[in-house]
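# Summary of the model geometry
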Amino acid sequence: MEKLTQQEETAMLAIWKVGKGFVKDFLEAHPAPVPPYTTLASTIKNLEKKGFLESRKMGNVYEYTPSIEEAAYKQKFMNGFVKDYFENSYKELVSFFAKEKKISPDELKEIINMIEKGK
C-alpha cells in the first residue's frame, strides 16, 4: 500500500465517509474547498489505479467502492509516522503534543483511561 498525496487522502476520507457511491456523492461529502467535479473524478480514477477503489459501470457512470479500509490505511501510515518522527515511540508522540499544548490534561486522562480499560 502506497502513501497517498494530500489531495488523494482528502478524497479517500470523503469516500470512506460515504462508503459506496458516485463522484457526485463524494463531492457532497468532500470538505471545503470542494474541488471541481472533473478534478475529483480524475483523483478517483488515480485511486482506482492504485488499488484503493473498485468500480462498477452503471449505465454511463461508475459506482466506486473502497477496497482498502480506512483503519488499515491509518494504522500503516501512523506506524510509519511515529517511527520516522518520534523514534518509534508513542510516548514521544504524546509528549510532543503535551509540550506544544496541543493536548489538554483532561484529554491525557481520557487516553490513560482508554489504555487501562484495554488491559
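Looking up the chain in an unreviewed UniProt entry gives the name BlaI/MecI/CopY family transcriptional regulator, with the organism given as Chitinophaga hostae. What UniProt states about the chain under its Sequence similarities (unreviewed entry) heading is, verbatim, "Belongs to the BlaI transcriptional regulatory family."

So, about a nonpolar patch on the surface. A cluster of nonpolar side chains, contributed by Met78, Phe81, Tyr85 and Tyr90, occupies part of the molecular surface with about 420 Å² of accessible area. Among the elements that line the nonpolar patch, the one with the most residues is helix H4 (residues 70–85), at three residues. With respect to the element layout, tyrosine 85 can be found in helix H4.

Per the counting criterion, the structure on display carries eight aromatic pairs. Summarising the aromatic geometry, the rings of tryptophan 16 and tyrosine 73 are spaced 5.9 Å apart at their centres and angled 45° between planes, so their arrangement reads as tilted. Placement of the pair is tryptophan 16 in helix H1 (residues 6–18) and tyrosine 73 in helix H4, with a sequence separation of 57 residues. Of the two residues, tryptophan 16 and tyrosine 73, neither departs from the other in class, the shared state being buried. Three or more aromatic residues joined by ring pairs form one cluster here, namely Phe81, Tyr85, Phe86, Phe96 and Phe97. The side chain of lysine 3 reaches across the aromatic face of phenylalanine 77, ending 5.5 Å from its centre. Between lysine 76 and the ring centre of phenylalanine 77, over which it is positioned, the NZ or CZ distance is 5.7 Å.

Conventions and cut-offs
Residues numbered from 1 in each chain as written. Predicted model: local features only at pLDDT ≥ 70, side-chain atom pairs only at ≥ 80, totals over all residues. Heavy atoms only, no water. UniProt positions renumbered as here; feature names shortened; annotations may be inferred. Patch = residues over 30% accessible without salt bridge, like charges linked within 9 Å, V, L, I, M, F, W, Y side chains within 5 Å. Areas by Shrake-Rupley, 256 points an atom, 1.4 Å probe, with all protein chains shown as cover. Salt bridge = Lys/Arg side-chain N within 4 Å of Asp/Glu carboxyl O. Helix = DSSP H or I, 4+ residues; strand = E, 2+ residues; numbered from the N terminus. Phe/Tyr/Trp six-rings, centres within 6.5 Å; stacked < 30°, edge-to-face > 60°. Buried < 20%, exposed > 50% of the residue type's maximum accessible area, 1.4 Å probe, protein only. Lys NZ or Arg CZ within 6 Å of the ring centre and 35° of its normal.

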